Amino acid sequence: MLELSCVVLNDLHPTAFTETARAVEAVGLRTVFCYDHLSWESLRDGPWYNAVPLLAAAATVTTTVRLGTLVASPNFRHPVTFAHEVMTLDQLSGGRLELGVGAGTARHDATVLGVAELTPAQRQSRFEEWTTLLSTVLAQRATDVAGARYTALDARNVPGPVAGSIPLTVAAAGPRGMRFAAAVGDTWVTYGDRRPGSEETVERFTAPAARFAQVPGAAGVRAMALLSLDEEAAYRDYPRFAAALEAAGFDEVVVHWPRDDGRGMPVDVLDTVLRTHGLGRT
């Protein structure tokens, strides 16, 4: 059956974030994700909290739900220091961390550190080196690497992840990114095709899924669909939408948990969404 996870946005106060994580755990969702940005779209003028301490707080009040980033990027993170944070989070959660990574967009926090704007190809090249070093540091006790953009000199990561590794979810839209996701990822995630002519919700997801399925190595990689914050059409007939995703080869769908401002998953469809995935509130 198609698994269900959710994004809880970082604008919630840490106390509210942890309470929400507990509520998500109570109804049986697989994972609580949060975004790993320094600011985000229309919420950039209000409160916005860092992903790592939010997930750390959630780890202390939950026991079964998985916790993760969707997605972390090289926009403001160095792979060596981030690997140490990731390992610590995984230890704190008892091995429940899901590491979602992506190349990063040209918006939001891409230039906050004074880095010149990169082309899509440059962002992908940086991302591939960043992810490779991140995974390497997580996989071994000491790392020495001198790369084009990143260097690690006796970078220690002890004791390492609880299970020896952390599941890696890779965001990718284009051919090169999909090839990389199939090569290194445990899961591939897409927020849907944004090209003209792909406005219908189901088609926006099934079209990239069909392209990913043709990538060598993709057969062994889970597929995840991430709904945007204002994906109203997906909830008009959610059982049909979920069935179409599953038929297209998706293993998991990620929704935005209901919010007081009315954005994300409408609260009045929550029970329908849960039942569709064999879950429910008691």
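Before going into details, it helps to say that this report is about the structure given with it.

Conventions we followed
Every chain is numbered on its own, with residues counted from 1 as its sequence reads. Where totals are concerned, whole chains, interfaces and linings use all residues; where local detail is concerned, this predicted model gives features only for residues with pLDDT of at least 70, and gives and counts side-chain atom pairs only at 80 or more. The basis for the side-chain values is all heavy atoms of the structure; hydrogens and waters are excluded. What makes a salt bridge here is a side-chain nitrogen of Lys or Arg within 4 Å of a carboxyl oxygen of Asp or Glu, nothing more. Every helix listed is a DSSP run of H or I at least four residues long, and every strand listed is a run of E at least two residues long, numbered separately from the N terminus. Only protein chains enter the accessibility calculation, which uses a 1.4 Å probe; a residue whose area is less than 20% of its type maximum is buried, one above 50% is exposed, and one in between is partly exposed. Here the arc refers to the set of directions running from the helix axis out to each C-beta atom. Residues count as neighbours in contact if any of their non-hydrogen atoms are within 4.5 Å of one another. If DSSP finds at least two bridges between two strands, the strands pair. Axis geometry follows a simple rule: fit a line to the C-alpha atoms, using only the stretch in contact for helices, then measure angles between N-to-C directions, giving values from 0 to 180 degrees. Throughout this description, the term nonpolar core refers to a set of buried Ala, Val, Leu, Ile, Met, Phe, Trp, Tyr and Cys residues connected via side-chain atoms within 4.5 Å.

Some points on the pattern of salt bridges
- The tally for this structure, following the rule as stated, stands at 17 salt bridges.
- With its nearest N and O atoms 3.0 Å apart, the salt bridge here joins R176 to E128. Of this pair, R176 sits in helix α5 (residues 175–184) while E128 sits in helix α4 (residues 120–139), and the two are 48 residues apart along the sequence.
- We classify R176 as partly exposed; its relative accessible area is 33%.
- In the salt-bridge network here, residues are joined through shared partners; they are E3, R30, R66, E98, R222 and E252.

A short note on helix α7 (residues 238–247)
- Within α7, the full set of buried residues consists of Y238, F241, A242 and L245. Projected down its long axis, α7 carries its buried residues within an arc of 95 degrees, all on one side.
- Where α7 is buried, its residues touch β1 (3–7), α6 (201–213), β9 (222–226), β10 (252–256) and α8 (270–276).
- Two residues or fewer past α7, G249 is found with a positive phi of approximately 105 degrees.

Things to note about the sheet that holds β1
- An order of β1-β2-β3-β4-β7-β8-β9-β10 is seen for the eight strands of this closed barrel, with the pairing classed as parallel. In this sheet, neighbouring strand axes are inclined to one another by 25 degrees on average, regardless of whether the strands run parallel or antiparallel.
- Against the sheet, α7 touches β1, β9 and β10, its axis set at about 140 degrees to β10.

Quick look at the nonpolar core
- Judged by nonpolar contacts, the single largest core of 73 residues is most densely connected at L99, W188, F212, Y238, F241, F250 and W257.
- The element contributing the most residues to this core is helix α2 (residues 51–61), with seven residues.
- Among residues more than four places away in sequence, those in contact with L99 are T69, F82, V86, L134, L138, I166, P167, L168 and T169.
- Counting residues in each nonpolar core, the second largest holds 14 residues, with V7, L9, M224 and V254 among its members.

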